[in-house]
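Chain residues, written in single-letter form:
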Amino acid sequence: VIDQKRVGGGARSTVGTYTDIAAPLRVLLSRAGQPSAGPAFAYSFNTPQGMCPECEGIGRTPQLDLDRLLDRTLSLNGGAIQHPDFRPGKWLWKTYALSGLFDPDRPVQDYSEHDLHLLLHGRDLKVSLGEINMTYEGLVDRFERMYLKKDAAAMYDRGRAVFEQFVTGRTCPACHGARLNAAALASRIEGRTIAELADLEATELLDFLRGLSDPAAARVAGHLAQRLSHLVEIGLGYLSLSRETATLSGGEGQRLKLVRHLGNSLTDMLYILDEPSVGLHARDVSRLTGLLGALRDKGNTVLVVEHDPDVILAADHVVDLGPGAGVRGGEVVFQGPEIGRAHV
């Protein structure tokens, strides 16, 4: 079912990775990029060999927003630490409020400079919580260790829930948002890095590929150009391969799913599409029907729920449901291999 639900995906999912169009782009750089960074996976931000070590291939680095985490007008007993894991009564709260280092009833804003530094960055102090002896760890250091120094992608995916309240993202200072390591970004083809190519709109990238002068690069670029042309033909030529799938609309997501299926080699499949023409300019509808025909011609059955007359006229077989449609099932008004334009 190729529906209009949002594609979603985590921080590592982009138009290029979702459609697998990024794969031939990586092959192109591995064969024609100078200096070469190595095989294709060395140009992928989803592999240890290609990703930026600072942001782990996300392009952004998380930063604690201390003003959100700590309400300085409150005391520790009053819930000054805003994160739910540090609420009064919880174990993490006890490591501060019951440590004996602070007055738990004093507002944090009234702490001395020494005590505030101790609360946020103290370390190497032995404290006792009842019968438990432990080493004290400052609030900032503990938060960064527990929540920020884990897998960056997992953090950002979690960040869309609780953690986004206390964490902000900034462009990675190492890769400047390109997601890749220095070796991958040093490799260029006709002056452009793979990150710069991925940032181009699909139409612009197509123009670049068609203008390649290196015969070896042109051979690899042919397959990539064919895949990109599907994006353009279905009205998504304005997207870049680096665009995160989570930012796409439902209609964009559905058409992207169609492009993804056009790129695979499956046959004898039944594809069901829900109004794929929604959001398309009239001139792009004929391109859409051409792509649906291509999916059919690979040996598949394509069932389309549609109201656009041009899509209906392009169908091999039409079932027109009239009165009583919806939950009542509808009444079949017409069924046959052809339908007249006047009837549509």
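One numbering rule holds for all chains: residues counted from 1, following each sequence as written. Two thresholds apply to this predicted model, a pLDDT of at least 70 for residue-level local features and 80 or more for giving and counting side-chain atom pairs, whereas whole-chain, interface and lining totals are computed over all residues. Computation of side-chain values: all heavy atoms of the structure, hydrogens and water removed.

This paragraph deals with the overall build of the chain. Within the chain, the secondary structure is distributed over 14 helices and eight strands. We compute the radius of gyration from the C-alpha atoms alone; for a globule the expected value is 2.2 Å times N to the 0.38, where N is the number of residues. By the compact-globule yardstick of 20 Å for 344 residues, the chain is too spread out, its C-alpha radius of gyration being 28 Å. On the principal axes, the C-alpha backbone points of the chain span a range of 85 × 60 × 30 Å. Burial classification: accessible surface area is computed with a 1.4 Å probe over protein chains only, and a residue below 20% of its type maximum counts as buried, one above 50% as exposed, and the rest as partly exposed. Looking at the chain residue by residue over its 344 residues, the buried ones come to 45%. We call two residues in contact when some of their heavy atoms are within 4.5 Å. Partitioning the intrachain contacts of the chain with sequence separation of at least 6 by distance along the chain shows that 64% fall at a separation of at least 24. Using a 1.4 Å probe, the Shrake-Rupley method yields the accessible areas, and only the shown protein chains count as cover for residues. Summed over its atoms, the accessible surface of the chain is roughly 17,300 Å², and 51% of this surface lies on carbon and sulfur atoms. Positive charges come from Lys and Arg, negative ones from Asp and Glu, while His and the chain ends are left out of the count. The atom standing in for a charge is NZ when the residue is Lys, CZ when it is Arg, CG when it is Asp and CD when it is Glu. Distance between charge centres in the chain, computed from 37 positive and 43 negative side chains, equals 3 Å. Runs of E in the DSSP output that reach at least two residues are strands. Runs of H or I that reach at least four are helices, and both are numbered from the N terminus.

Turning our eyes to something else, we now look at the environment of Asp320. Looking at where Asp320 falls in the secondary structure, it is placed in strand β7 (residues 318–321). For Asp320 and Asp310, which are 10 residues apart along the polypeptide, the C-alpha to C-alpha distance reads 14 Å.

Quick look at the packing of helix α11 (residues 215–233) against helix α12 (residues 250–262) now. Only C-alpha atoms enter the line fits that serve as axes; for helices the fit covers just the stretch in contact. Angles between N-to-C directions range over 0 to 180 degrees. It is at 10 Å that the axes of α11 and α12 come closest, and there the two elements cross at 150 degrees. Judged on the interaxial angle alone, α12 and α11 are roughly antiparallel. For α11 against α12, the interelement crossing comes out right-handed. Counted together, Arg227, His230 and Leu231 of α11 and Leu256, Val259 and Leu262 of α12 form the full contact between these two elements. Residues are grouped as follows: Ala, Val, Leu, Ile, Met, Phe, Trp, Tyr, Cys and Pro are nonpolar; Asp, Glu, Lys and Arg are charged; every other residue, Gly included, is polar. Residue classes in the contact of α11 with α12 are distributed as four nonpolar, one polar and one charged. In this scheme, roughly parallel covers angles under 35 degrees and roughly antiparallel covers those over 145, while 65 to 115 is roughly perpendicular and the rest are oblique. What makes a crossing left-handed is the near helix being turned counterclockwise from the far one by less than a right angle; a clockwise turn instead makes it right-handed.

Turning to the side chain of Arg255, a few remarks are in order. Positionally, Arg255 belongs in helix α12. Buried within the structure, Arg255 lacks any salt-bridge partner; Glu252 is the closest side chain of opposite charge, at an N-O distance of 5.8 Å. Polar contacts, as counted here, are pairs of nitrogen or oxygen atoms within 3.5 Å of one another; within protein the pair requires one atom able to donate a hydrogen and one able to accept it, and residues that are adjacent in sequence qualify only if both atoms are side-chain atoms. In terms of polar contacts, Arg255 uses its side chain to reach the backbone carbonyl oxygen of Ile234, at 3.2 Å. Contacts of Arg255, omitting those with residues within four sequence positions, involve Ile234, Gly235, Leu236, Pro276, Val278, Gly279 and Leu280. Salt bridge criterion: a side-chain nitrogen from Lys or Arg within 4 Å of a carboxyl oxygen from Asp or Glu.

Packed helix pairs are specified by the crossing angle of their axes together with the interaxial distance, meaning the distance between the axes. Contact geometry for helix α10 (residues 202–210) and α11: axes closest at 9 Å, N-to-C directions at 155 degrees. Taken together, the axes of α10 and α11 are roughly antiparallel relative to one another. Crossing angle aside, the handedness with which α10 passes α11 is left-handed. On α11, the residues touching Ala202, Thr203, Leu205, Leu206 and Leu209 of α10 are Ala221, Leu224, Ala225, Leu228, Ser229, Leu231 and Val232. Of the residues in the contact of α10 with α11, the class split is 10 nonpolar, two polar and no charged.

What follows deals with the nonpolar core. Core analysis: the largest hydrophobic core is formed by 49 residues, its most contacted members being Leu28, Leu209, Leu228 and Leu231. Of all the secondary-structure elements, those providing two or more residues to this core are α1 (15–19), α2 (22–32), α9 (194–199), α10, α11, α12, β5 (270–274) and α13 (282–297). Per-element tally for this core: the top contributor is α11, with seven residues. By nonpolar core we mean a set of buried residues, namely Ala, Val, Leu, Ile, Met, Phe, Trp, Tyr and Cys, connected to one another through side-chain atoms within 4.5 Å. Formed by 29 residues, the second largest nonpolar core is a distinct cluster that contains Ala80, Leu92, Trp93 and Tyr111.

So, on to unusual backbone geometry. With the exception of glycine, most residues fall at negative phi, and the peptide bonds are largely trans. In this chain, Gln34 is followed by Pro35 through a cis amide linkage whose omega measures -10 degrees. Inspection of the secondary structure puts Pro35 in the loop between α2 and β1 (60–64). A positive phi is found at Asp124, a non-glycine position, where the angle reads about 60 degrees. Relative to the elements of secondary structure, Asp124 occurs in strand β2 (residues 123–129).

Further remarks concern the pattern of salt bridges. If the charged atoms of two oppositely charged side chains come close together, the side chains can form a pair. Taken as a whole, this structure holds nine salt bridges when the rule is applied. One salt bridge in this structure joins Glu137 and Arg142, with 3.9 Å as the shortest N-O distance. Residue classification places Arg142 among the buried positions, given a relative accessible area of 6%. Salt-bridge contacts for Glu137 lead to Arg145; the nearest nitrogen and oxygen are separated by 2.9 Å. Classification of Glu137 by relative accessible area gives buried; the value is 19%. Judged by its relative accessible area of 44%, Arg145 falls in the partly exposed class. Through salt bridges with shared partners, a single network forms among Arg60, Arg179 and Glu244.

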